[in-house]
There are 4 protein chains.
Amino acid sequence: MVDFEVRTDLAVEEQEHASGEISGVSLREWREADSGIKLSEVRILNEHGSEALGKPQGTYLTLELAPLTDSAPACQSLAARSLARQIRKLARQISADRRLTSVLVTGLGNRLVTADSLGPETVDNLQVTHHLTKPLSAGTAAGSTACGQLSDCPKRPHAALPSLRALSPGVMAQTGMETAQILRGVIRETRPDLLIVIDALAARSITRLGTTIQLTDTGIRPGSGVGNHRHELTRESLGLPVLAIGVPTVVGAVAIVHDTVNAFLRALERSAAPIAAAMNAMDSDEQYELIRELMEPEFATLYVTPPNIDEIVGLVSHVVAEGIQQALFLG
Amino acid sequence: MVDFEVRTDLAVEEQEHASGEISGVSLREWREADSGIKLSEVRILNEHGSEALGKPQGTYLTLELAPLTDSAPACQSLAARSLARQIRKLARQISADRRLTSVLVTGLGNRLVTADSLGPETVDNLQVTHHLTKPLSAGTAAGSTACGQLSDCPKRPHAALPSLRALSPGVMAQTGMETAQILRGVIRETRPDLLIVIDALAARSITRLGTTIQLTDTGIRPGSGVGNHRHELTRESLGLPVLAIGVPTVVGAVAIVHDTVNAFLRALERSAAPIAAAMNAMDSDEQYELIRELMEPEFATLYVTPPNIDEIVGLVSHVVAEGIQQALFLG
Amino acid sequence: MVDFEVRTDLAVEEQEHASGEISGVSLREWREADSGIKLSEVRILNEHGSEALGKPQGTYLTLELAPLTDSAPACQSLAARSLARQIRKLARQISADRRLTSVLVTGLGNRLVTADSLGPETVDNLQVTHHLTKPLSAGTAAGSTACGQLSDCPKRPHAALPSLRALSPGVMAQTGMETAQILRGVIRETRPDLLIVIDALAARSITRLGTTIQLTDTGIRPGSGVGNHRHELTRESLGLPVLAIGVPTVVGAVAIVHDTVNAFLRALERSAAPIAAAMNAMDSDEQYELIRELMEPEFATLYVTPPNIDEIVGLVSHVVAEGIQQALFLG
Amino acid sequence: MVDFEVRTDLAVEEQEHASGEISGVSLREWREADSGIKLSEVRILNEHGSEALGKPQGTYLTLELAPLTDSAPACQSLAARSLARQIRKLARQISADRRLTSVLVTGLGNRLVTADSLGPETVDNLQVTHHLTKPLSAGTAAGSTACGQLSDCPKRPHAALPSLRALSPGVMAQTGMETAQILRGVIRETRPDLLIVIDALAARSITRLGTTIQLTDTGIRPGSGVGNHRHELTRESLGLPVLAIGVPTVVGAVAIVHDTVNAFLRALERSAAPIAAAMNAMDSDEQYELIRELMEPEFATLYVTPPNIDEIVGLVSHVVAEGIQQALFLG
């Protein structure tokens, strides 16, 4: 009915919204037998599909988890393993080097704003390879092949480790620089084969917060993410394949308003004939314009977030970090 | 028009909303000559006023600041000084000991959620008197009466300092305990003369975020605050005078929705006669019920916050801490 | 040779230092078959033993781990499980309620000083039972019994959970209050059956940093811990059984100096007869007095810590939190 | 006497240690009339001076403050103003652009280790110019020219602001990259005129901790700083003038040991003739070798830090940030 655009960073939500088959968009859905996790793959194949979903051409993989909680650690492990599989699969499609030998991970967002801190938190939880390939310091070497002083404690293999680097550059308000600028410089110096970008996303539906993980090979575009990092991070702009991993942590205030107004009008329409007539007298564009005018301009920058956002970010950042580690080191 | 209740922790917003004189409520507004800061005092004098504003009887002082920025430090100083005056005034009204010799400050909220961290951040910025009254350690004593090695550097007086204690107990999800329980125990042990409670509030209007400071002698009630600390912190429950200082950092998602729906309906009403008729066919209660039903139940717990909430909390927590310090030490 | 006292919070180091059997002290050492972790139990049985080791009478259990690293997560799990066993064992000895139904955990120390933050970090990693026993909120309830939408994900049992509360009160420089005072108040209000105290300790040997976990039923005494929390936290002072868990994160600067001076003198003695003569001309007390005089008075407050202290605290706090959880919830 | 090298990052300590005039080194000392702060300027003029002090040729400015405390805020302002003067002076000497129109500030060190967090903390306290030059958002614009709604609140001028950028890249254990690599890339992209590097230093004397600020035009060399950032950050390596600002937050454990051993031997020497003889039988190199052998190899990586290091870093990072702001914006 009222049909103005409400922003979501999730292709799967755009696809749901469009409902029905769209030319230039393929959808595949399945459920992992071992974890019970639902996956979907939206492929935007051409210009028409891109316009229909408002997203660039490419692949969008989505994992739908049950809400993570501290009391079900096994679910976190299953989620990490499932994510690792999808990272490996997508990374190998886009990267010339199938063995992922040199990867730079960047955590976008502001670590001082809880809902925007998923990227930096994930990087904090990552173990860059530097630790493993350099000689261990005297303080940590002795006995480190065992849990006690025995040697029976399983360890990740150290030999021939991929090179994992990571950077949380901070947001423009902290650095005065575009994130793209910082990364372009670092990439030129360090020449990784693949960039993995972690960012907090905005979803359409609050049930997606902390429960949906999106992987895409399209990079990050202006206007996406919680913090709205303006310049794009893509293969074209940076010169290397970019795999973006995002998890929604906020819903735009506009989306919340939109849903309620829509529901309200639908209800009035059902109950009162004269209103249906009035609404029908306005076409969709007129309705859009009306609501847009009525909304406070500040709403565009406001977001909605649940009170336990710290727990959500804490748990999800561990899963994403573990997923990346497994994708690279157990692949 | 649509007139269902939307929560605000600010008495001044309830007063504005009611508009017009209310029996049992007195309002006084003025502007400080030296700082230009607007102040208002809402007094709820009896049961009728309490019901009309939905707040307990007592005094609500409000300071309205221009948004704080790093580039106008003088404004922060003026705000702190103005706040200090009001703290002193109100504290002396409610405390038997006019000299405020023993004060406990408690910062409510969750330090890991930016919008809820005003209380703990303020306590972090406070200097408890312990530092000043105990003998200085060897490491800091030498030359500490001067900036270089001269003795010309003005210092706060150390003699006869009030005793300032502070505690950020954390939220129930972190402690498993009611904040009221923790404080009751601590108060019984330390016997302060006055409790100052700092909390992040929910406002009705987004222009209030980080710009309005409310002081009240009514304490904290169930359901107020960002984190919704359930048991009350009042003179009655704790056995000592309680001065609460709050600053809005969020607007409830419900408020945002409400505003837009209202504006939407008003606009439709103006432009389309049949709708006005339809709306008029519903009375206010029916409208309320309709919207309530349409809203997702999760909305009640969601809040809206601006993207620069970290800066807002950072600046405001300094002003509030400085205000308390000045109230006690320069009084 | 030079034999002045250097502080350690570890009974096992005092025992090693004393070397040989001590009347009033029993020592038992063993290695866990499944984890390879070395354990020792020092029991101070009477006044004589207490004076000999400079520690109060009671039981001191010590786990000696290999250094924890991110690359051997299985070791962390083994360490947590082993710790859980010892917590259960000791807790049941000292607590009337063998089922540990109501436990308060307190994390001592200053979260803003990395080496002193083990207590608060551990509490941050704990899951207080409140989360599990209250009805889950709408946002997290749906599907939370599964990882995807299936129901096959193993969870910790929710029924008949022990009540776990936790508090990080901060240090005196932040609160202006003795930790003992705060806890006494909270205990009086909440009446737990057992207090578990987590604190960062000072060791004698740098190889103990982050690798030794000490459990004791003697509580915390003045002068122990990194932050030197002055008033004691014991059964006598607080009125309930106290189980203290400590992990060394620092070595006193005095200990470092002492070791080198000692080694230096030993070497001189071996190589140069005249010095041996000179040293022999001084008795042990004279040597002690001489070194004491020569040391800067500030040394007493300084501590030595390794550069990767953030990683050590991060890893150990997870193991201790997990150990407590398992002790209570899987016991 | 025993004369092995103990590391200090402060040229002024090397100069003191050498005691007496050194060819190729000039020393100037003075006291600021208005602040009472003691300043010294060590200039290393040629290769001989460089070898004598173990530091590269260049200028080393030192400010010696009284210990900063919260209770003497005026001292912090004086220190910031004095620092600003010295930054301007030195920056203009080394930078072609006397107006400092484009500056990149980088905070070295690990924000998760308190003693190593001075750089990141300072950057957190800086206000990058981006905030001031971009159009203010709707949420902060209204009324921001006043503290209340009046227009009398003094503000820093916005027009023709220098461009200030800032980055805290993290340490190699977090990024897997050399800091020099990251900065080289960022500098190539953003082309600033001057790099200001902030780092926590190691001093020889514990009285320097938090009280001495060193400015130098020689950049940062391998082995300096708390975190030992290995590759150099200099004009030669980065291609732009580099101004390094450092404040000691730690003393190497080796220095503490060295001082005591030295004092011990001196005392023995005075009191006992045979020891003097024995020591004299060893030459300085032999003494050095002996002590070196006796010291545990791990000592090299350990550092000593005072228990209130969080307060020291908090206060100093504000002064340094304010000093940089004033140097650029009030110059």
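For the structure itself, consult the block above.
Residues numbered from 1 in each chain as written. Chains lettered and ligands numbered in written order. Predicted model: local features only at pLDDT ≥ 70, side-chain atom pairs only at ≥ 80, totals over all residues. Heavy atoms only, no water.

Here we come to the overall build of chain A. Scanning chain A for helices and strands turns up 13 helices and nine strands. Counting over 331 residues, chain A shows a buried share of 63%. Accessible surface, chain A: about 12,200 Å² in total, of which carbon and sulfur atoms supply 49%. (Helix = DSSP H or I, 4+ residues; strand = E, 2+ residues; numbered from the N terminus. Buried < 20%, exposed > 50% of the residue type's maximum accessible area, 1.4 Å probe, protein only. Areas by Shrake-Rupley, 256 points an atom, 1.4 Å probe, with all protein chains shown as cover.)

Moving on, we come to the packing of aromatic side chains. Going through the model one piece at a time under the given rule, you end up with zero aromatic pairs over all chains. Above the face of the Trp30 of chain A ring, Arg28 of chain A is positioned so that its terminal group lies 4.2 Å from the ring centre. (Phe/Tyr/Trp six-rings, centres within 6.5 Å; stacked < 30°, edge-to-face > 60°. Lys NZ or Arg CZ within 6 Å of the ring centre and 35° of its normal.)

At an RMSD of 0.0 Å, chain D and chain A line up after a rotation of 180° and a shift of 0.0 Å along the axis. What the superposition gives is, in effect, a two-fold axis relating one chain to the other. For chain D, the minimum C-alpha distance to the rotation axis belongs to Gly185 of chain D and amounts to 1.8 Å. Comparing contact sets, 100% of the residues at the interface of chain D also lie at the interface in chain A, consistent with an isologous, same-surface contact. (Least-squares fit on C-alpha atoms with pLDDT ≥ 70 in both. Contact = heavy atoms within 4.5 Å.)

At the junction of the two partners, chain D supplies 27 residues and chain A supplies 27 residues. Summed over both partners, the interface of chain D with chain A comes to about 2,400 Å²; 61% of that surface belongs to carbon and sulfur atoms. At the surface where chain D touches chain A, the tally comes to four salt bridges. One salt bridge connects Glu189 of chain A with Arg184 of chain D, and the closest N-O pair in it is separated by 3.2 Å. Where chain D touches chain A, the interface holds six residue pairs in polar contact (both at pLDDT 80 or more). Only α5 (130-133), β5 (163-167), α7 (172-175) and α8 (179-190) of chain D provide two or more residues apiece to the side of chain D that touches chain A. When residues in the side of chain D that touches chain A are grouped by element, the largest group, eight residues, is from α8 of chain D. Each residue belonging to the side of chain D that touches chain A can be placed in one class, and the counts come to 12 nonpolar, eight polar and seven charged. (Buried area = accessible area lost by both parts, 1.4 Å probe. Salt bridge = Lys/Arg side-chain N within 4 Å of Asp/Glu carboxyl O. Polar contact = N/O pair within 3.5 Å; in protein donor to acceptor, adjacent residues only side chain to side chain. Nonpolar A, V, L, I, M, F, W, Y, C, P; charged D, E, K, R; others polar.)

This paragraph deals with the side chain of Glu64 of chain C. Residues and elements named next belong to chain C. Structurally, Glu64 can be placed in strand β3 (residues 58-64). Judged by its relative accessible area of 14%, Glu64 falls in the buried class. A polar atom in the side chain of Glu64 sits 3.3 Å from the side chain of Arg208.

So, on to the pattern of salt bridges. Residues and elements named next belong to chain A. Scanning all chains against the criterion turns up 52 salt bridges over all chains. With a shortest N-O distance of 3.5 Å, Glu13 and Arg208 are connected by a salt bridge. Pair noted here: Glu13 is in helix α1 (residues 11-18) and Arg208 is in the loop between β6 (194-203) and β7 (212-216), with a separation of 195 residues, a long-range link. Among the residues examined, Glu13 registers a relative accessible area of 5% and is labelled buried. One network of salt bridges, in which partners are shared, links Glu13, Glu16, Glu29, Lys38, Glu64 and Arg208.

Moving on, we get to the pairing of strand β3 (residues 58-64) of chain A. Residue and element names in this part refer to chain A. The buried fraction of β3 is high, at seven of seven residues. Of the pairings in the sheet, the one linking strand β2 (residues 38-44) to β3 comprises seven bridges and is antiparallel in character. The partner of Leu39 across the bridge, within β3, is Leu63. Of the pairings in the sheet, the one linking β3 to β7 comprises five bridges and is antiparallel in character. Residue pairing across strands places Thr62 opposite Gln214, the latter belonging to β7. (Pairing = 2+ DSSP bridges.)

What follows concerns the environment of Glu47 of chain B. By the element assignment, Glu47 of chain B lies in helix α2 (residues 47-53). In this structure, the C-alpha to C-alpha distance between Glu47 of chain B and Gly252 of chain B, residues 205 residues apart in sequence, is 27 Å.

All right, on to the packing of helix α8 (residues 179-190) of chain B against helix α8 (residues 179-190) of chain C then. Running from N to C, α8 of chain B and α8 of chain C point in directions that differ by 125°, and their axes come no closer than 7 Å. As far as their axial angle goes, α8 of chain C and α8 of chain B are oblique. α8 of chain B and α8 of chain C meet at a crossing whose hand is right-handed. Contact residues: Gln181, Ile182, Arg184, Gly185, Val186, Arg188, Glu189 and Thr190 of chain B in α8 of chain B; Gln181, Ile182, Arg184, Gly185, Val186, Arg188, Glu189 and Thr190 of chain C in α8 of chain C. Taken together, the residues that form the contact of α8 of chain B with α8 of chain C break down as four nonpolar, six polar and six charged. (Axes fitted to C-alpha atoms, helices over the stretch in contact; angles between N-to-C directions. Parallel < 35°, antiparallel > 145°, perpendicular 65-115°, else oblique. Left-handed = near helix turned anticlockwise from the far one by under 90°.)

None of the figures reported here should be taken as evidence of function without further support.
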